[in-house]
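Summary of the model geometry
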Amino acid sequence: ADLGQQREILKGTQRRLYSVANTLGSSKVTVLGAAGGIGQPLSLLMKLNPRVSQLALYDIRGGPGVAADLSHINTNNTVTGYDPTPSGLREALNGSEIVLIPAGVPRKPGMTRDDLFNTNASIVRDLAKAAAEACPDANILVISNPVNSTVPIVAEVFKSKGVYNPKRLFGVTTLDVVRASRFISQVKKTDPTNEGVPVVGGHSGVTIVPLLSQSNHPSIDGPPRDELVNRIQFGGDEVVKAKDGAGSATLSMAFAGARFAESLLKAAQGVKGVIEPTFVDSPLYKEQGVDFFASRVELGPNGVEKIYEVGEVSPYEENLLEAAISDLKKNINKGIEFVKNNP
Ligand code: NAI
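Residues numbered from 1 in each chain as written. Predicted model: local features only at pLDDT ≥ 70, side-chain atom pairs only at ≥ 80, totals over all residues.

1. Some remarks on the overall build of the protein chain
Looking only at helices and strands, the protein chain features 10 helices and 11 strands. In terms of overall size, the protein chain behaves like a compact globule, its C-alpha atoms giving a radius of gyration of 21 Å where 343 residues would be expected to give roughly 20 Å. For the protein chain, buried positions account for 46% of its 343 residues. Across the protein chain, the fraction of contacts at a sequence separation of at least 24, relative to all contacts at a separation of at least 6, is 69%. (Helix = DSSP H or I, 4+ residues; strand = E, 2+ residues; numbered from the N terminus. Rg over C-alpha atoms; globule rule 2.2 N^0.38 Å. Buried ≥ 20, exposed ≤ 12 C-beta atoms within 10 Å, placed from the backbone. Contact = placed C-beta atoms within 7 Å.)

See below:
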């Protein structure tokens, strides 16, 4: 072929490689509550992610220690730790693209996620205030429970500061999806990595709605189905019970949180067709008074790209959805009311 043509092709390849090198590893990620049971393994997984250039770790205690430890890992990004000094939180958040929030107390045996509300609502509200000021355009990923209420709390805080962007706020429900594919694979004796169960609704008890009719095993029925649905809804309790007072899921949650963050980074860096179920400001059930709802969401450079409808469900799942809607409405209002009364 013609030499000039070859040179043009080479130049094009060079440009593409350059832009890949530029986007890979260009993102700052902040973890708030980084020294906790979830925070530490989650920070480790983010340290191993080549899309992350800067990792900022904040906690009311122990942030710098975790950062010093992780900073010795020979992956090509920097880690900094912050204490709750007046500027610590702000510096951790400045310029951040993704803010992961696992700050707050976890459950003990016998507790529901809603029992955590009194403690965690104010923690999340205060961290949201700082984020709204320091990095209003960041993607905010809320892990702190009760997610059904803490996500509306973040929304209200951002609204009060005039910087709310519904496309950038996510309740992390990935663990429910991870559990669903693991649990169904145990029943069906299959490879869990090949299983996909859409889980919609919210993130606690009956608001967790697995859509088995849309899985690889739509014909599962009767008691095996009921058992499986119950295990997906209350899987978190198995861990709380086994840890016997020492907390709830941390390692599987860190895995799930890292998966969701990776999906967002991938989408931000130009990969198309990235879909994750997540709890977002959603039009799907607004008419019924539910402003936030988890369903499959396509992610993109602007955060939420497309919210998928729930789709066709069985009459059994229709009942599950009804129960979820009623609880969700209460959980969401509780968050909104909290910010109104405790701005
Ligand atoms: P943990 O108690 O081990 O860690 C929480 C960390 O948050 C601690 O290091 C604590 O110092 C820190 N912290 C407390 N107040 C803070 C503040 N104002 N600013 C910054 N950091 C603060 O708890 P764990 O096990 O890591 O759980 C954290 C949260 O995640 C809990 O609310 C838990 O319910 C929730 N969770 C959510 C899941 C989900 O699927 N979305 C799954 C499992 C847990």
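We are not done yet, so read on.
2. Re the confidence of the model for the protein chain
Of all residues in the protein chain, 96% attain a pLDDT of 70 or more, and the chain-wide mean is 95. The complex model carries a pTM of 0.93, and its ipTM stands at 0.99. (pLDDT = per-residue confidence, 0-100.)

3. With respect to the pairing of strand E2 (residues 52–58)
When you tally the buried positions in E2, you get five out of seven residues, the bulk of the element. Where strand E1 (residues 27–32) and E2 come together, six bridges link them in parallel fashion. Its bridge partner being in E2, Ser27 is matched across the sheet by Val52. Between the parallel pair E1 and E2, the chain is carried across by helix H2 (residues 39–47), and the sense of this crossover is right-handed. Of the strand pairs in this sheet, E2 and strand E3 (residues 78–82) are connected by five bridges, and their pairing is parallel. Within the sheet, the bridge partner assigned to Gln54 lies in E3 and is Thr78. Of the crossover connections in this fold, the one passing from E2 over helix H3 (residues 63–70) to the parallel E3 is right-handed. (Pairing = 2+ DSSP bridges. Right-handed = clockwise from strand over helix to strand, strands pointing away.)

4. Topic: the packing of helix H7 (residues 174–188) against helix H9 (residues 251–268)
Running from amino to carboxyl end, H7 crosses H9 at an angle of 110 degrees, the nearest separation of the two axes being 8 Å. Judged by the inter-axis angle, H7 sits roughly perpendicular to H9. Helix-helix and strand crossings are classified by hand; for H7 and H9 the assignment is right-handed. Here Thr174, Leu175 and Val178 of H7 come into contact with H9, specifically with Ser252, Met253, Phe255, Ala256, Gly257, Arg259 and Phe260. Among the residues forming the contact of H7 with H9, the class breakdown is six nonpolar, three polar and one charged. (Axes fitted to C-alpha atoms, helices over the stretch in contact; angles between N-to-C directions. Parallel < 35°, antiparallel > 145°, perpendicular 65-115°, else oblique. Left-handed = near helix turned anticlockwise from the far one by under 90°. Nonpolar A, V, L, I, M, F, W, Y, C, P; charged D, E, K, R; others polar.)

5. Things to note about the UniProt feature "domain: Lactate/malate dehydrogenase C-terminal" (unreviewed entry) in the protein chain
Listed under "domain: Lactate/malate dehydrogenase C-terminal" (unreviewed entry) in the UniProt record, and renumbered for this structure, are residues 173–339. Helix makes up 48% of residues 173–339 and strand 17%, and the two end C-alpha atoms of the span are 23 Å apart. (UniProt positions renumbered as here; feature names shortened; annotations may be inferred.)

6. A word on the site of the ligand
Taken together, 33 residues surround the ligand, and among them Gly33, Gly36, Gly37, Ile38 and Asn145 come closest. When its residues are assigned to classes, the shell around the ligand shows 18 nonpolar, 12 polar and three charged. (Near = placed C-beta within 6 Å.)

7. Overview of the nonpolar core
Counting 94 residues, the largest nonpolar core has Val99, Ile101, Leu141, Val142 and Val154 as its most contacted members. For this core, the element with the most residues is H9, which contributes 10 residues. Every residue in contact with Val142, bar those within four places of it in the chain, is listed here: Ile101, Val124, Val147, Thr150, Val151, Val154, Phe170, Gly171 and Val172. (Core = buried A, V, L, I, M, F, W, Y, C linked by C-beta atoms within 7 Å.)

8. What about the environment of Ala246?
Looking at where Ala246 falls in the secondary structure, it is placed in the loop between helix H8 (222–243) and H9. The exposure class of Ala246 is exposed, given the 11 C-beta atoms found within 10 Å. Distance in space between the C-alpha atoms of Ala246 and Arg107 is 8.7 Å, their sequence separation being 139 residues.

9. Digging into unusual backbone geometry
Of note, the amide linkage connecting Asn145 to Pro146 takes the cis form, showing an omega dihedral of -5 degrees. With respect to the helices, strands and loops of the structure, Pro146 is situated in the loop between strand E5 (139–142) and helix H6 (147–160). The backbone of Lys189 shows a phi angle near 55 degrees, a positive value even though the residue is not glycine. By secondary structure assignment, the location of Lys189 is in the loop between H7 and strand E7 (199–201). Despite not being glycine, Asp244 has its phi angle at roughly 50 degrees, a positive value. Within the secondary structure, Asp244 sits in the loop between H8 and H9. The exposure class of Asp244 is exposed, given the 9 C-beta atoms found within 10 Å.

10. Brief notes about the UniProt feature "domain: Lactate/malate dehydrogenase N-terminal" (unreviewed entry) in the protein chain
The sites that UniProt annotates as "domain: Lactate/malate dehydrogenase N-terminal" (unreviewed entry) are residues 28–171. In residues 28–171, helix accounts for 38% and strand for 19%; the two terminal C-alpha atoms are 20 Å from one another.

11. Structural notes on the packing of H6 against helix H10 (residues 315–341)
Axis separation between H6 and H10 bottoms out at 8 Å; the angle between their running directions is 40 degrees. One element, H6, and the other, H10, form an angle in the oblique class. Like other packed secondary-structure pairs, H6 and H10 cross with a definite hand, here right-handed. Here Asn148, Ser149, Thr150, Pro152, Ile153, Glu156 and Val157 of H6 come into contact with H10, specifically with Leu328, Asn331, Ile332, Lys334, Gly335, Ile336, Phe338 and Val339. Considering only residue class, the contact of H6 with H10 consists of eight nonpolar, five polar and two charged.

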